[in-house]
Amino acid sequence: MAEMTDPRVIVALDFSEAAQALALVEYLDPAQCRLKVGKELFTRSGPVLVEALQEKGFEIFLDLKFHDIPNTVAKACKAAADLGVWMVNVHAMGGRKMMEAAREAVASTPHRPRLIAVTVLTSMGDADLAEIGLQGSPEDNVRRLAGLAESAGLDGVVCSPREVDMLRNTIDRNFQLVTPGVRPVGAALNDQTRVATPADAIRAGSSYLVIGRPITQADDPRVALKAINEGILPLLSH
Ligand code: C5P
């Protein structure tokens, strides 16, 4: 397989224990993927685990979705930058001031992480949004919040593969779209309902694919990752 300079797959380490995550990454190559550490694993195993993964050569997306007053979020993002992570995220619903404070906090760090926003949680439908006083469909809110994140100087947003087309029409081409809900052809859907294949997501304009169980629960995670990379490599312009 051709050399990947910028691996597009981010493997979601949705484990409860560090030992499980460390066992899985023995099968993975940092040249072929990045890793996502989320709330459960981080709350249990913390920065020590992130450092251990980084020492193995992996770049880390720290998926903690910060949402608080600007000063607090800025300091949390600075702490993530000091930890050396590659990507960190905040909730766009924290507003412009919060996102700008986060951006400024990481701007001058030696290894500035990419700072992206969550727009609308995909678990929320029309009724959920109405209940918290948000008008319009989830798509309307995604579009508006992605625009806000872009104008606050963030690097991108997390979005579903279904939203990529819409966002690529309204935001700058360099704005990064990070998409979960990706399933290779024939893979189990698990609890994902609206999925896209890796190739379709990249073709539509996804920058990075967050993929968990199709890799972490595969008989051979290395083979599963290789097959995904082989499917998308011809579509990438390096
Ligand atoms: O195992 P699977 O590929 O479904 O994992 C997807 C990962 O992306 C999980 O860590 C999940 O929490 C995350 N995610 C998602 N849908 C969103 C946002 C994040 O599946 N809208």
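Report on the accompanying structure. (Residues numbered from 1 in each chain as written. Predicted model: local features only at pLDDT ≥ 70, side-chain atom pairs only at ≥ 80, totals over all residues. Heavy atoms only, no water.)

Examining the overall build of the protein chain
When helices and strands are counted, the protein chain shows 10 helices and eight strands. Computed over the C-alpha atoms, the radius of gyration of the protein chain is 17 Å, within 12% of the 18 Å expected from 2.2 N^0.38 for a compact globule of 238 residues. Based on the C-alpha atoms only, the size of the protein chain along its principal axes is roughly 45 × 35 × 35 Å. Counting across all 238 residues of the protein chain, residues that qualify as buried make up 50%. Considering only intrachain contacts with a sequence separation of at least 6, the fraction spanning at least 24 residues in the protein chain is 67%. On the protein chain, roughly 11,300 Å² of surface is accessible, and the fraction owed to carbon and sulfur atoms is 49%. Here the protein chain holds 25 positive side-chain charges and 30 negative ones, and the gap between their average locations is 3 Å. (Helix = DSSP H or I, 4+ residues; strand = E, 2+ residues; numbered from the N terminus. Rg over C-alpha atoms; globule rule 2.2 N^0.38 Å. Buried < 20%, exposed > 50% of the residue type's maximum accessible area, 1.4 Å probe, protein only. Contact = heavy atoms within 4.5 Å. Areas by Shrake-Rupley, 256 points an atom, 1.4 Å probe, with all protein chains shown as cover. Lys, Arg positive; Asp, Glu negative; His and termini not counted. Charge placed at Lys NZ, Arg CZ, Asp CG, Glu CD.)

Some details on the sheet that holds strand S6 (residues 156-158)
Sheet architecture is closed into a barrel: eight strands sit in the order S1-S2-S3-S4-S5-S6-S7-S8, paired in parallel fashion. With direction set aside, neighbouring strand axes in the sheet form an average angle of 25°. Relative to strand S4 (residues 87-91), strand S3 (residues 60-66) is paired through three bridges, and the arrangement is parallel. What sits directly across from Phe66, in S4, is Val90. On the sheet, helix H3 (residues 70-83) packs against S3, S4 and strand S5 (114-118) and is oriented at approximately 165° with respect to S3. Here helix H7 (residues 161-168) sits on the sheet and contacts S6 and strand S7 (176-179); the angle it forms with S7, its principal contact strand, is near 165°. (Pairing = 2+ DSSP bridges. Axes fitted to C-alpha atoms, helices over the stretch in contact; angles between N-to-C directions.)

Quick notes on the pattern of salt bridges
Taken as a whole and judged by the stated rule, the model has 14 salt bridges. Asp6 is the partner of Arg8 in a salt bridge, and the nearest nitrogen-oxygen pair spans 3.6 Å. Residue Arg8 is classed as buried on the basis of its relative accessible area, which comes to 13%. For the salt bridge of Asp155 with Arg112, the shortest nitrogen-to-oxygen distance reads 3.1 Å. Remark: Arg112 occurs in the loop between helix H4 (96-107) and S5 and Asp155 occurs in the loop between helix H6 (138-151) and S6; sequence separation between them is 43 residues. (Salt bridge = Lys/Arg side-chain N within 4 Å of Asp/Glu carboxyl O.)

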